[in-house]
Amino acid sequence: MSGERGAQEGYLVVADISGYTAFLVETELEHAHAIVHELTTLVRERLVPPMRFVKLEGDAVLCYADGAAFGDGERLAELLEACYFDFSNRLLDMARATTCRCAACATMGSLDLKFVAHFGAFVVQRDAGVDDLAGADVILIHRLLKNSITERMGYSAYVFFTDDCLQHMPASLELPRHAETYELFGETTGGVHDLEPVLHQMREERYEYIGSADADIELTLHIPAPPPVVWGYLVDPVARLRWACRWGDSNPDKSEVNDDGRVGTGAKSHCNHGPGMVSSREYIDWRPFSYFTCHTTTQVKGGFISSRAVTETFEFVAQDGGTLVHYRMRLINRSRLSMLLFQPVALLYRGSWAQWRTNLLSVLEEDRAVLDAIEHSDADAVMPFSRVEGTVSAP
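Because the structure is a prediction, the values reported are computed rather than measured.

Definitions and cut-offs
- Residues numbered from 1 in each chain as written.
- Predicted model: local features only at pLDDT ≥ 70, side-chain atom pairs only at ≥ 80, totals over all residues.
- Heavy atoms only, no water.
- Helix = DSSP H or I, 4+ residues; strand = E, 2+ residues; numbered from the N terminus.
- Expected span 1.5 Å × (residues − 1).
- Buried < 20%, exposed > 50% of the residue type's maximum accessible area, 1.4 Å probe, protein only.
- Arc of directions from axis to C-beta.
- Axes fitted to C-alpha atoms, helices over the stretch in contact; angles between N-to-C directions.
- Parallel < 35°, antiparallel > 145°, perpendicular 65-115°, else oblique.
- Left-handed = near helix turned anticlockwise from the far one by under 90°.
- Contact = heavy atoms within 4.5 Å.
- Salt bridge = Lys/Arg side-chain N within 4 Å of Asp/Glu carboxyl O.
- Pairing = 2+ DSSP bridges.
- Core = buried A, V, L, I, M, F, W, Y, C linked by side-chain atoms within 4.5 Å.
- Polar contact = N/O pair within 3.5 Å; in protein donor to acceptor, adjacent residues only side chain to side chain.
- Lys, Arg positive; Asp, Glu negative; His and termini not counted.
- Phe/Tyr/Trp six-rings, centres within 6.5 Å; stacked < 30°, edge-to-face > 60°.
- Lys NZ or Arg CZ within 6 Å of the ring centre and 35° of its normal.

Further remarks concern helix α2 (residues 29-47). Between its first and last C-alpha atoms α2 spans 27 Å; for 19 residues at 1.5 Å apiece the expected length is 27 Å, and the two agree. For α2, the set of buried residues is Ala32, Ile35, Val36, Leu39, Thr40, Leu42, Val43 and Leu47. The buried residues of α2 occupy an angular sector of 150 degrees when projected down its axis, which confines them to one face. In α2, the exposed positions angled more than 90 degrees off the buried face are occupied by Glu30 and His33.

In structure tokens, the structure reads:
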């Protein structure tokens with residue numbers, strides 16, 4: 001059974017393993033194929049969801065996503081950065097673990113990963129339950145894999161964001177410019193994001209993580225959406241306003257980007273949680289889409305009650321097609337009086353967390369059409385968000 005849906009607009013991404021041809025030609029086929037298979041499988045798992053997998057093209061993974069899948073588009077950059085981080089770590093682990101002396105196992109470290117990200121129009125074709133894409137923009141993104149970025153700029157691992165894609169991303173994302181010209185398409189311009197510094201930064205940054213044993217309070221809920229989607233609802237100011245802060249200020253949280261012009265380690269946000277309360281949050285550890293940790297100070301307006309400073313970790317764990325969100329908080333002031341005064345506040349946290357869960361499930365229901373486009377092609381297969389039960393627990 002075959003079918004074709006109408007033209008739609010969205011994100012197109014190709015992840016391509018650099019050095020693949022030489023690696024396959026110059027080494028033992030069996031081991032080379034097994035290595036590439038493990039790496040392409042990892043890439044697919046890291047991109048899907050929120051993207052939809054189309055097909056594996058040798059060493060390349062083709063995916064697409066609905067135009068509303070990434071909000072302001074910064075989630076797409078984080079998704080590709082996190083994918084490259086895991087790819088590099090897996091390759092390093094494989095090289096360290098092998099005892100085989102064949103050429104393939106000895107030279108696997110020569111492999112690397114690059115991405116091309118574009119926003120355009122395409123048609124989704126379905127044949128025997130398998131999706132494929134058609135359209136000029138689909139052809140263009142494949143042409144863009146054959147580019148001069150490495151020769152001109154020296155980058156071996158990168159994302160080439162076309163200008164059509166950059167229009168859907170934050171203006172603060174400033175990237176070195178690049179252009180390629182192809183027959184029939186003319187000139188395609190965009191920005192190149194070097195992933196090597198990102199990898200070093202993520203490896204070198206200190207880990208600030210509150211585990212269960214260190215938490216003064218731990219709350220858990222299950223959300224029927226994948227971690228990258230749930231992550232967006234918690235970190236995007238506009239999305240967060242819809243479920244966490246809607247009884248307070250009607251304006252989204254005020255955010256300050258870090259020195260790289262991004263929301264991540266060093267960025268800050270200021271939130272009016274409700275009548276008379278203001279919270280300031282600084283992100284100190286940012287690991288999309290695993291967890292983030294922040295220092296948060298909450299002040300009651302008027303200054304009659306002293307501010308409360310805490311460290312918070314929000315962890316995202318994939319489970320049963322959805323996400324377990326673990327919230328853990330630890331007081332910075334560990335005095336006996338501070339711990340005693342926190343006890344009634346902990347009750348407020350538990351009550352608020354339960355209400356936030358209800359609000360978030362309601363928002364997910366409102367956005368059901370968007371999640372359909374991200375995860376499902378058949379409406380009947382969509383998980384009924386309003387029926388999924390969450391759990392709230394505290395030590």
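The subject of this paragraph is the packing of helix α3 (residues 74-97) against helix α9 (residues 227-235). For the pair α3 and α9, interaxial distance at closest approach is 11 Å and the crossing angle is 130 degrees. Here α3 lies oblique to α9, going by the angle between them. In the packing of α3 onto α9, the handedness of the crossing is right-handed. From α3, Arg75, Glu78 and Leu79 reach across to α9, where they touch Pro228, Trp231, Gly232 and Val235.

This brings us to the pattern of salt bridges. One pass over the full model with this rule turns up 19 salt bridges. Asp131 serves as the salt-bridge partner of Arg126, at 3.1 Å between the closest nitrogen and oxygen. With a shortest N-O distance of 3.5 Å, Arg281 and Glu312 are connected by a salt bridge. Placement of the pair is Arg281 in strand β13 (residues 277-287) and Glu312 in strand β15 (residues 308-319), with a sequence separation of 31 residues. With respect to burial, Arg281 and Glu312 carry one shared label: buried. Through salt bridges that share partners, Glu45, Arg46 and Asp86 make up one connected network.

The next thing to look at is the pairing of strand β8 (residues 177-182). Here β8 shows a buried face lined by His178, Glu180 and Tyr182 and an unburied face lined by Arg177, Ala179 and Thr181. Relative to strand β9 (residues 186-194), β8 is paired through 6 bridges, and the arrangement is antiparallel. Opposite Glu180, over in β9, you have Thr188 as the bridge partner. Counted along the chain from β8 to the antiparallel partner β9, the turn is 3 residues long, and its residue Leu184 has a positive phi close to 80 degrees.

This next bit is on the nonpolar core. By size, the foremost hydrophobic cluster in this structure holds 87 residues, and its most contacted members are Phe115 and Phe161. Per-element tally for this core: the top contributor is α3, with 10 residues. Among all residues touching Phe161, those that are not within four sequence positions of it are Leu76, Ala77, Leu80, Ala117, Leu166, Met169, Leu175, Gly190, Gly191 and His193. In terms of nonpolar packing, the next biggest core, distinct from the first, is built from 21 residues, Leu12, Phe122, Val138 and Phe160 among them.

Among the secondary structure elements, Arg287 is positioned in strand β13. A polar contact is formed between the side chain of Arg287 and the backbone oxygen of Met202, at a distance of 2.7 Å. Within the local environment of Arg287, its side chain forms a polar contact with the side chain of Asp285, the two groups lying 2.7 Å apart. Not counting the four nearest positions on each side in its chain, Arg287 is found in contact with Met202, Glu205, Arg206, Tyr207 and Trp231.

Before going further, it helps to spend a moment on the side chain of Asp59. Within the secondary structure, Asp59 is located in the loop between β3 (52-57) and β4 (60-66). The side chain of Asp59 is buried and forms no salt bridge, while Lys146, the nearest opposite charge, is found at 7.2 Å. With residues near it in sequence (within four places) discarded, Asp59 still touches Ala15, Asp16, Ile17, Tyr20 and Thr40.

The next thing to look at is the packing of aromatic side chains. This model, assessed by the stated rule, comprises 18 aromatic pairs. Plain terms: the ring middles of Tyr11 and Phe70 are 5.2 Å apart, the flat faces sit at 85 degrees to each other, and that makes the pair edge-to-face. One end of the pair, Tyr11, is in strand β2 (residues 8-18); the other, Phe70, is in the loop between β4 and α3, and 59 residues separate them in sequence. Neither residue differs from the other here; Tyr11 and Phe70 are each classed as buried. Through successive ring pairs, a cluster of aromatic residues spans Trp231, Trp243, Tyr283, Trp286, Phe289, Phe292, Phe314, Phe316, Tyr327, Trp353 and Trp356. Taking the ring centre of Phe53 as reference, the NZ or CZ of Arg44 above it sits at 3.6 Å. Between Arg287 and the ring centre of Tyr207, over which it is positioned, the NZ or CZ distance is 3.9 Å.

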